[in-house]
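One-letter residues, chain by chain:
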Amino acid sequence: MLNRTTAPPIADAVDFKLELKPPSLFTLDNGVPVYTFNAGPQEVLQLEFVFYAGNWYEEQNVLAASTNFLLKNGTSKKSAYEINEDLEFYGAYFNRHCYNETATITLHCLNKYLADLMPLITEVITDAAFPEEEIATYKQNQKQRLQVNLQKCDFIANRLIDEHLFGFHHPYGRYSKMEDYDAIEREQLRKFYERFYTHGKCIIFAAGKLPADFDQLLNMHFGKLPFDQNSVQEVKYNIKPAEEKKYNIVNDSNGVQGAIRIGRPFFNRKHPDFPKAQVLNNIFGGYFGSRLMSNIREDKGYTYGIHSYIQNHLQLSAWMISTEAGRDVCEATIKEVYHEMQRLREEPVTEEELHLVKNYMIGTILGDLDGPFQVIARWKNYILNGLDSEYFYNSMNVIRNITAPEIQELAQQYLNPESFYELVVV
Amino acid sequence: MIEFSRFQLDNGLKVLIHQDFSTPMAVVNVLYDVGSRDETEDKTGFAHLFEHLMFGGSVNIPDYDEPLQRAGGENNAYTTNDLTNYYCQLPAQNIETAFWLESDRMLSLAFGKKSLDVQRKVVSEEFKEHYLNKPYGDVWHKMRELSYKVHPYKWMTIGKDLSHIENASLTDVKEFFFKHYRPVNAILVVAGNVQTENVKRLAEKWFGPIPMGEKYVRSLPAEPEQKEKRLMNITANVPLDALYKTWHMAGRIDKEYYVADLISEILGGGASSRLHQQLVKEKKLFSSIDCYHFGTVDPGLLTIDGKLVKGVKMETAEEGIKEVIDQLQNAMITEAELQKVKNKTESVIAFEDMSVMSRAGSLAFYELLGDASLFNVELERYQAITVEEIQRFSKKILEETNSNTLQYFSNN
């Protein structure tokens, strides 16, 4: 008779030897480092250009993001439409993102069209024209989009908690306002682009089933471009946290839910406590079986989801709890969040729970290392943070070896209500 | 080309195996042939609520997630109008844990009152988060009701009304389970670093003893052909006017579906698409505009939705869309434009097939449509489409009398 009540034996994931395969590295003639990871079942690849062109370097709000958005909307030879037509004809996806320190351009394409697409990428990186009409349309549409977003409580909450933690003058705490878009002008876009893209610091990451002549192809098209790896000057900002820690904001008087954000400043990845804190964070609110989910969703039904996470900033980060809960249970939800902090401070986690979390973390990392895009994404994060494979193996050891008393000590050190900023936006 | 093998257990459970030894992981995907189209109009949202209850403990195992996480695995599930799909990924060594968990919840749920009470609340919060507490959140409730008069696609997966979920009883839950969650109505896909013989052995061992159940025979009312255009307008507390239009199109395996998919790309896929270029960039009538469909098994909806630039009149915006459609119907598209949308489709398919989890889900879906090997001819079906067919079907689908229009006005 089949015994369905006893779990089949498992191999403990904590015993797995995880390997993070290193990327290959070569340098273009102009000094640009190219990290590649060659693997994958399909004839496709991802090519990402990282520029040090995030809002850290802007002197005017939303300038970095606007430059990043508009750089493919026309060059001196091609209109925005022609560029889009070319890219899309080859079935390529061309995305760009602006972050705090960096801004990226990413190409996803079928291998067979890579060579056809290269000249276009060069053109976009070196010859963007920022046509007035494109700028005008962009401003109008961004303002409209912002207007819609400003009605969403989660959108407002995400902006304000960052402002409270870092201060509005800090790149991590800053956000867009209507008038910022109005102030954007062609000349500033062009200057920012020339300085931080065309003549900026660039790092390239590529992954997929890369063609045999990939290195030469890249060097041929991008090796002569005028990137300057020494162009980034250090800019320093001090954080200026809000004086008050608790906020209740009514954005929509008819709202049926409140967006709750509870956060405290935290270190970046280089701090010795960071890998340990990630284990504690998992237990607290980092996965489906976490304390916050088990209590606030699975026991009380106050929310569809509640999570905690540590922000992935380069300089310093924040430890954040985030949820949208029924308007009438927001207060109760916050109380339970602090209650779960208290439990972690006062009671050691059981061996059973700790063992589960360790297996879960290692198992999911094993899954995360599966596939070339995931591997290069991890390496990109490490490289931008100035870390190497030692960080990975050290983090694995931390997960394997951390003890319940260490977890408790960490909770006593970091999960104190008095360190947290708290915000409810209805 | 995605390779797979297939067998069926005596209780009717279909099992597909897709091997990939480049990954250390295994994926176990269980698809149940039940979606919100199988609900009755007075108990909507049930298939989705049920998906939540599937994590509330089964007859022999009090908690689904915990043992899976202990085995280094993670999982999720989703419900659509057509189907409910559960999938988990874990280190391949521990694959038996997934068989144990999935088979027990197919055998029977625990049907605990607490789980039902809590998940009713959780789903209510999900309803609020996605549909009540967002500007334009009610659009698809209204649009489905306008577009479908008899077919159960007229309500959303989350449900028509919060009260339906709030009133769900344990009796309803049990009935639903034993009607739909039987081996004969399910498809199991096992993928990744797995050995065929081992999968067969485990499938027999864990799923074999589950009673077959009765095959659910679906007989849904077909949506009658729409004979005249329908119009609805609402005014709400949103910042911008918006316009939504739908046209009926064929179901998932019909030739027309593939043509409609390419038409949606021509009209609204990406920055070089016709709607975006002409109406956002050139005429500046919309600040954003999209064209898409829902990929439903039964006849679906081709949709255009856009937000109007402040100050543009609704009639002007509609006229703009009409002109773009007229061009498509009256002038043959070029081979180059057709090639563009085919290339984009090829690219999307190739990128989707990168992950084992996505391949496992696709195999289950195509098996539901009738045959998993459809997965491997999908691209050919797109490649075969001609410029004439684009024109012919755009005339057929984008017909005024086949259209539903929702004008969504801002009150400020």
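Residues numbered from 1 in each chain as written. Chains lettered and ligands numbered in written order. Predicted model: local features only at pLDDT ≥ 70, side-chain atom pairs only at ≥ 80, totals over all residues. Heavy atoms only, no water.

Caption draft 1: Quick look at the packing of helix α10 (residues 291-299) of chain A against helix α4 (residues 113-132) of chain B. Where α10(A) contacts α4(B), the axes come no closer than 8 Å and their chain directions differ by 90°. In terms of orientation, α10(A) and α4(B) fall into the roughly perpendicular class. Contact with α10(A), carried on its side by A:Arg297, A:Glu298 and A:Asp299, involves B:Lys114, B:Val118, B:Gln119 and B:Val122 of α4(B) and no other residues of that element. Taken together, the residues of the contact of α10(A) with α4(B) sort by class into two nonpolar, one polar and four charged. (Axes fitted to C-alpha atoms, helices over the stretch in contact; angles between N-to-C directions. Helix = DSSP H or I, 4+ residues; strand = E, 2+ residues; numbered from the N terminus. Parallel < 35°, antiparallel > 145°, perpendicular 65-115°, else oblique. Contact = heavy atoms within 4.5 Å. Nonpolar A, V, L, I, M, F, W, Y, C, P; charged D, E, K, R; others polar.)

Caption draft 2: Structural context of the interface of chain B and chain A. At the junction of the two partners, chain B supplies 76 residues and chain A supplies 71 residues. Contact with chain A buries surface across chain B, with B:Arg70, B:Phe351 and B:Met354 losing the most and accounting together for 12% of the total. Taken together, the links from chain B to chain A amount to eight salt bridges. The residue B:Lys284 makes a salt bridge to A:Glu133 at a minimum N-O spacing of 2.6 Å. (Buried area = accessible area lost by both parts, 1.4 Å probe. Salt bridge = Lys/Arg side-chain N within 4 Å of Asp/Glu carboxyl O.)

Caption draft 3: Region of interest: the nonpolar core. Residues A:Leu47, A:Phe49, A:Leu107 and A:Leu218 are the most contacted members of the largest nonpolar core, which totals 147 residues. A:Phe49 has contacts with A:Ala103, A:Thr104, A:Ile105, A:Ile121, A:Ile125, A:Cys202, A:Ile203, A:Ile204 and A:Phe222, leaving out every residue within four places of it along the chain. In terms of nonpolar packing, the next biggest core, distinct from the first, is built from 73 residues, B:Phe7, B:Leu9, B:Ile234 and B:Ala242 among them. (Core = buried A, V, L, I, M, F, W, Y, C linked by side-chain atoms within 4.5 Å. Buried < 20%, exposed > 50% of the residue type's maximum accessible area, 1.4 Å probe, protein only.)

Caption draft 4: Geometry of the environment of B:Ala168. Residues and elements named next belong to chain B. Mapping Ala-168 onto the fold places it in the loop between α6 (162-166) and α7 (170-180). On the basis of relative accessible area, Ala-168 is assigned to the buried category, the value being 3%. Distance in space between the C-alpha atoms of Ala-168 and Ile-321 is 43 Å, their sequence separation being 153 residues. Non-local contacts of Ala-168, meaning those with residues more than four positions away in its chain, are made with Phe-46, Leu-49, Leu-116 and Arg-120.

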